[in-house]
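# Inside the fold
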Amino acid sequence: QIVGGAIVADGKVIFGTASGKVYALNATTGSSTNGWVFPADNSEIGKIWSAPVVLNGTLFIGSFDHNLYALDMATGQKKWSFATGGSIVASPVTDNDTVYIGSFDRNLYAVDAATGQEKWKFTGAKNWFWAQPLIDNGKIYAANLDGKLYVLDAKNGNKMAELDLGAAISASPVIVGGTVVAANEMGVVYSINMTTNEKKQLLDLKETVD
């Protein structure tokens, strides 16, 4: 099964599978020529639902075996792995020399993209980080299944705001017209002012359908 999204980079189409493997295929032909296959360290439990992200010739992807992997784009060889305390479903996000990833251990991590060393860890959430975090202008917007959207300082992980959206958030926030937009699992959509971090309800999809 292919759960996470695929990306195209350096002439390859790359995706993870529930078998615990990452595939890189020729983007033009779909063949394995000049491609590679990478198995997670523990492929028996290492389902890969995360979508890959590429930065400066390195591919980053998370796994159910608790690891964030950094792979060489040309060869698929592992450069490093970073262990968290829980499964990783969310896709990582990169900014400059840092990779940010949320885990089922209820923590969000900033990891050095070159070395795999932890820079900081945010520990204030009460449930899983399922969605890919959003980063913009030095702020991280991290949605959590505890119903909170956490606004963090990207430099040190300090919490700048904690916004209660009323129900679990499993979808990634996005930026629309200079405003962060996030939706909870009850179908309520909010906007967040990127300067003041104040929230405003935009739409209740359940009421619209009813």
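As a reminder, the structure under discussion sits directly above these lines.
Keep in mind that this is a model prediction, so the values were computed, not measured. Sequence positions are assigned chain by chain, starting from 1 and proceeding in written order. In keeping with the predicted nature of the model, local features appear solely for residues at pLDDT of at least 70, side-chain atom pairs appear and are counted solely at 80 or more, and the whole-chain, interface and lining totals rest on all residues. Only hydrogens and water are set aside; all other atoms, that is, all heavy atoms of the structure, feed into the side-chain values.

All right, on to the pairing of strand β6 (residues 58–62) then. For β6, the tally of buried residues reaches five of five residues, placing the bulk of the element in the interior. Covered by surrounding structure in β6 are Thr58, Phe60 and Gly62 together with Leu59 and Ile61, the residues of both alternating faces. Pairing of strand β5 (residues 53–55) with β6, which is carried by three bridges, proceeds in the antiparallel orientation. Residue Val54 lies in a different strand from β6, and its bridge partner there is Leu59. Hairpin remark: β5 followed by β6, antiparallel, with two residues in the connecting loop; positive phi at Asn56, about 50 degrees. One bridge is not enough; two strands pair if DSSP finds at least two bridges between them. Secondary structure elements follow DSSP: runs of H or I of four or more residues count as helices, runs of E of two or more count as strands, with numbering from the N terminus. Where β6 lies against strand β7 (residues 67–72), five bridges are found, and the strand directions are antiparallel. The cut-offs for exposure are 20% and 50% of the maximum accessible area for each residue type, with area from a 1.4 Å probe on protein chains only; residues under the lower value are buried, those over the upper are exposed, and the others partly exposed.

For the rest of this paragraph, the subject is the pattern of salt bridges. The working definition used for a salt bridge is a side-chain nitrogen of Lys or Arg within 4 Å of a carboxyl oxygen of Asp or Glu. The full count for this structure, using the stated rule, is three salt bridges. Between Asp97 and Lys119 there is a salt bridge, with the nearest N and O atoms lying 3.2 Å from each other. Taken together, the residues Asp97 in the loop between β9 (93–95) and β10 (98–102) and Lys119 in strand β12 (residues 118–122) connect sequence positions 22 residues apart. For Asp97, a relative accessible area of 45% translates into the label partly exposed.

A few words now on the sheet that holds strand β8 (residues 78–83). Spatial ordering of the open sheet is given by β5-β6-β7-β8, a layout of four strands whose pairing is antiparallel. Of all the strands in the sheet, the pair left with one neighbour each is β5 and β8. For this sheet, the mean inter-axis angle between neighbouring strands, taken without regard to orientation, is 20 degrees. Examined bridge by bridge, β7 and β8 share five bridges and lie antiparallel to one another. Looking across to β8, one finds that Leu68 is bridged to Phe82. For every element, the axis is a line fit to its C-alpha atoms; helices are fit only across the contacting stretch, and the angle between N-to-C directions ranges from 0 to 180 degrees.

Moving on, we come to the packing of aromatic side chains. Any pair of aromatic rings gets described here by the distance separating the centres and the angle formed by the planes. Two rings belonging to Phe, Tyr or Trp (six-membered ring only in the last case) form a pair when the distance between their centres is within 6.5 Å. Interplanar angles under 30 degrees mark stacking, angles over 60 mark edge-to-face geometry, and anything in between is tilted. Scanning the entire structure with this criterion turns up 12 aromatic pairs. Measuring from ring centre to ring centre gives 5.7 Å for Phe15 and Tyr23, while their planes differ by 20 degrees; the resulting arrangement is stacked. Exposure remark for Phe15: the relative accessible area of 13% places this residue in the buried category. Among the residues examined, Tyr23 registers a relative accessible area of 25% and is labelled partly exposed. When the ring of Phe82 is compared with that of Tyr109, the centres are 5.3 Å apart and the planes differ by 70 degrees; the resulting orientation is edge-to-face. With Phe82 in strand β8 and Tyr109 in strand β11 (residues 108–112), this residue pair connects regions lying 27 residues apart in the sequence. Exposure class is identical for Phe82 and Tyr109. Each is buried. Ring-pair connections join several aromatic residues into one group, and the members of that group are Trp49, Phe64, Phe104, Trp128 and Trp130.

With antiparallel pairing, four strands are arranged side by side in an open sheet as β13-β14-β15-β16. Two strands bound the open sheet, and with one partner strand each, they are β13 (134–136) and β16 (159–164). Strand-to-strand twist of the sheet, defined as the mean angle between neighbouring strand axes without regard to direction, takes the value 15 degrees.

Looking now at the nonpolar core. Throughout this description, the term nonpolar core refers to a set of buried Ala, Val, Leu, Ile, Met, Phe, Trp, Tyr and Cys residues connected via side-chain atoms within 4.5 Å. One finds Tyr141, Leu149, Leu163, Leu165, Val180 and Ile192 to be the most contacted residues of the largest nonpolar core, which totals 16 residues. Breaking this core down by element, the ones donating at least two residues are β14 (139–143), β15 (148–153), β16, β18 (179–183) and β19 (188–192). A per-element tally of this core places β19 first, with three residues. Should any heavy atoms of two residues lie within 4.5 Å, those residues are counted as being in contact. For Leu165, the residues in contact, after removing those within four places along its chain, are Gly147, Leu149, Ala182, Asn184, Tyr190 and Lys199. Judged by nonpolar contacts, the second largest core, of 14 residues, contains Val93, Phe122, Ile135 and Tyr150.

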